[in-house]
Amino acid sequence: EAEALYRRAARSPGDSKARALRQLGVVVLLQGRVEEGFDLMRQATALVPDGPDSHVLFAGALLAFPGHDAEAAEHLRLAVRHASVSVEALNGLAWLLATSPDPAVRRAEEAVQLAERAVQASGGRDPSLLDTQAAAQAAAGRTSAAVATARRALELAERAGADTLAVAIRGR
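Residues numbered from 1 in each chain as written. Predicted model: local features only at pLDDT ≥ 70, side-chain atom pairs only at ≥ 80, totals over all residues. Heavy atoms only, no water.

Caption draft 1: Spatial organisation of the packing of helix 3 (residues 34–47) against helix 4 (residues 52–63). Interaxial distance between helix 3 and helix 4 falls to 9 Å at its minimum, and their mutual angle equals 160°. Here helix 3 is positioned roughly antiparallel relative to helix 4, judged by the angle of their axes. In this structure, helix 3 meets helix 4 at a crossing whose hand is left-handed. Residue-level contacts link Phe38, Met41, Arg42 and Thr45 of helix 3 to Ser54, His55, Leu57, Phe58, Ala61 and Leu62 of helix 4. (Axes fitted to C-alpha atoms, helices over the stretch in contact; angles between N-to-C directions. Helix = DSSP H or I, 4+ residues; strand = E, 2+ residues; numbered from the N terminus. Parallel < 35°, antiparallel > 145°, perpendicular 65-115°, else oblique. Left-handed = near helix turned anticlockwise from the far one by under 90°. Contact = heavy atoms within 4.5 Å.)

Structure follows, in structure tokens:
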């Protein structure tokens, strides 16, 4: 039923068409039709190429399926370019560049810079952003800084009751 509603909405003009295509892409992905879902999301980002939200959402969808890190990085870069203080885009790109198994995507020093911008933009109090910064620092070989940042992230996560994040940080 959701698919039919979004298909009807995708026939409308302008931003609502892009929104509908994006949501339709998500529905189709959830139904297991991966390439069709990706194609719909590509169409949505093409309609609003300077819309950071579409790029961030599409990158997230790409990352849910192995082997799409390079395309996800492209979309996160576009999101950062169009919304330079988007903490979500900065953090997503930093994490991807620090942790991707694809050596063509990994860029540790760039990841450190992006993570620093995200932490700075958020006031330095978000444990998930600090976790990304620690991962980027570790990828760049800055072990002492990574350990200190991870400790701060863990402290903030525990204080906030973010148990899942705290467990993940402890495991790294």
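Caption draft 2: Quick look at the packing of aromatic side chains. All chains considered together, the criterion is met by 2 aromatic pairs. Each ring, one from phenylalanine 38 and one from phenylalanine 58, has its centre 5.9 Å from the other, and the planes form 65°; the classification is edge-to-face. Of the two residues, phenylalanine 38 sits in helix 3 while phenylalanine 58 sits in helix 4, which places them 20 residues apart along the sequence. When sorted by exposure, phenylalanine 38 lands in the same class as phenylalanine 58, which is buried. Where phenylalanine 38 meets phenylalanine 65, the ring centres are 5.7 Å apart and the plane angle is 80°; that geometry is what we call edge-to-face. Of this pair, phenylalanine 38 sits in helix 3 while phenylalanine 65 is found in the loop between helix 4 and helix 5 (69–82), placing the two residues 27 residues apart along the sequence. (Phe/Tyr/Trp six-rings, centres within 6.5 Å; stacked < 30°, edge-to-face > 60°. Buried < 20%, exposed > 50% of the residue type's maximum accessible area, 1.4 Å probe, protein only.)

Caption draft 3: A look at the side chain of aspartate 131. Assignment of secondary structure puts aspartate 131 in helix 8 (residues 127–139). With residues near it in sequence (within four places) discarded, aspartate 131 still touches Trp95, Ala153, Leu165, Ile169 and Arg172.

Caption draft 4: How the structure looks around helix 9 (residues 143–160). Taking 1.5 Å per residue as the helical rise, helix 9 with its 18 residues ought to reach 26 Å, and the 25 Å between its terminal C-alpha atoms agrees with that figure. Among the residues of helix 9, those classed as buried are Ala146, Thr149, Ala153, Leu154, Leu156 and Ala157. Elements that come into contact with the buried residues of helix 9 comprise helix 8 and helix 10 (163–171). Backbone geometry just downstream of helix 9 places glycine 161 in the positive-phi region, at approximately 75°. (Expected span 1.5 Å × (residues − 1).)

Caption draft 5: Representation of the packing of helix 4 against helix 5 in the model. The N-to-C vectors of helix 4 and helix 5 enclose an angle of 160°; their axes lie 8 Å apart at closest approach. The angle between the axes of helix 4 and helix 5 places the two elements in the roughly antiparallel class. In this structure, helix 4 meets helix 5 at a crossing whose hand is left-handed. Facing helix 4, whose interface residues are Pro52, His55, Val56, Phe58, Ala59, Leu62 and Leu63, helix 5 presents Asp69, Glu71, Ala72, His75, Leu76, Leu78, Ala79 and His82. A class-by-class count of the residues in the contact of helix 4 with helix 5 yields 10 nonpolar, 3 polar and 2 charged. (Nonpolar A, V, L, I, M, F, W, Y, C, P; charged D, E, K, R; others polar.)

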